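Chain by chain, the residues:
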Amino acid sequence: MLLSICASIVLLFTVMGRLAANPGMKIKITDKGLQYARKIGVNLLEQKIKEFQLPDETGKIDLMGWLDYKVSRLQLIDVGLPNSSAEFIPNIGIRFSTDVSVSLVGELEVSLGLLYSAGTFNLNISMLSATFVVGFLHNDGRPTVKPISCNSTLKDFEITFHGSSSWLHRMFIERTKGEIRKAFSKKVCSHFVSLIERLETMDQTALQQVDHYVAFDYSLVREPVITANSIEWPIKGIVYDRQHRKPPPYDVQPFNLPDITDLMLYVGVSEDVLNTMGFAYFVAGALQIDITDDKLPEDISLRLNTSNLSLLLPETASVGAQVYISEMRLRGSVHLKSFDLVLKQSKVGNIQVKALDTILTIVFKKNVLPKLNVSLYRGKALLILHKVSLPNAIIKINKGMLMLGTDLEYRG
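Residues numbered from 1 in each chain as written. Predicted model: local features only at pLDDT ≥ 70, side-chain atom pairs only at ≥ 80, totals over all residues. Heavy atoms only, no water.

### Focus on the pairing of strand E5 (residues 93-112)
Move 1: Direction of pairing for strand E3 (residues 66-80) relative to E5: antiparallel, over a ladder of eleven bridges. Bridging from a neighbouring strand, Asp78 pairs with Ser103 of E5.
Move 2: What sits between the antiparallel neighbours strand E4 (residues 84-89) and E5 is a turn of three residues, in which Asn91 has the positive phi angle 70°. (Pairing = 2+ DSSP bridges. Helix = DSSP H or I, 4+ residues; strand = E, 2+ residues; numbered from the N terminus.)

### Overview of the state of the cysteines
Move 1: Enumeration according to the criterion identifies one disulfide in this entry.
Move 2: Paired through a disulfide, Cys150 and Cys189 show a sulfur-sulfur distance of 2.1 Å. Between Cys150 and Cys189 the disulfide shows an S-S torsion of about -85°. By sign, it is left-handed. Placement of the pair is Cys150 in strand E7 (residues 142-154) and Cys189 in helix H3 (residues 166-200), with a sequence separation of 39 residues. (Disulfide = S-S within 2.5 Å.)

### Considering the packing of aromatic side chains
Move 1: This model, assessed by the stated rule, comprises four aromatic pairs.
Move 2: Pairing Phe96 with Phe132 gives two aromatic rings, centres 6.3 Å apart and planes at 15°, and the pair type is stacked. Separated by 36 residues along the polypeptide, Phe96 in strand E5 and Phe132 in strand E6 (residues 115-139) bring together distant segments of the chain. For the residue pair Phe96 and Phe132, the accessibility class agrees, reading buried in each case.
Move 3: Taking 5.5 Å as the distance between ring centres and 80° as the angle between the ring planes, the aromatic pair formed by Phe136 and Trp233 counts as edge-to-face. Of this pair, Phe136 sits in strand E6 while Trp233 is found in strand E12 (residues 230-235), placing the two residues 97 residues apart along the sequence. (Phe/Tyr/Trp six-rings, centres within 6.5 Å; stacked < 30°, edge-to-face > 60°. Buried < 20%, exposed > 50% of the residue type's maximum accessible area, 1.4 Å probe, protein only.)

Now the structure itself:
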């Protein structure tokens, strides 16, 4: 369950595609986050184990003749994981160790020739330990979670029989005690491998739809960086228009997350990703508007007609922005500081550049920014696990990067 939680956090943010030179997004899970995941995972695992329906089992062993047995009506009474630990293994993955205590009851039937005995039993296991190692890799841009190793040991257990001919039960146990230890150890590791295989086959897609205009590429660009204190996932993080998937006309520049581990999770987004978002929306047609006379203030003397057409390009546009988290959504707002046009070419004589500059500034403030701010206020739901909130969340804008840092709180 711990491995499932850690892998799910990663997989929610990292579904891979093709390789790129530099990541546009980086996600770092710290040791603090790992230990919190371990704590929650242990509690969830205990609950899940208690819900297991244990199957009946039949078989036979060679014991001065064939002894047939049947174990049935198994019922878990108590399960505990009293001691557990989790740690990052640099360049490999995560190691998780735990001790397990189990109490259960059931019925046992044994027969040896004409001898037959049936009764109930109580089984107490208090010396079962297990250590798992899972690795995080990538294969042609797709996230891969691999079981590296599993070691499980059942040192001893106590069993008490109730019913007739208990001597036959005891003889059965004495002859099968070693096999019971091996069977428990094998079961534990087989369940571990089964869990990892289910994670490997999770439905994954390289693109996450943002809205009907654009999609976000969550591909991993290279192997995760695993140290003793954290695991950092380099994500492509490019925004594409959904129809054409036209790449941006520039490369994402490298950036680094700060070397801090005070919070559980850090997500860094390059300013180039924000630029690719603007480019994608423009290609998709979301940022194109028609400026007509009815959109101009009445006190503006310049009207839009063929005599005023020329090649005018925006020279500078200064925009102020605010980004914040509210109700588990990333929200924002923008305002225009300045907007300047420059005349590059005219085939119809002199153009009133200053007047057109004023017109476009007014249109931008009254028509473009309000619509954009409505969308920014709606925001986007933060991609996070179900029933998980983000206490102590902070947003910092550093040079070339926007960073979210947060703790996690599970509300199960």
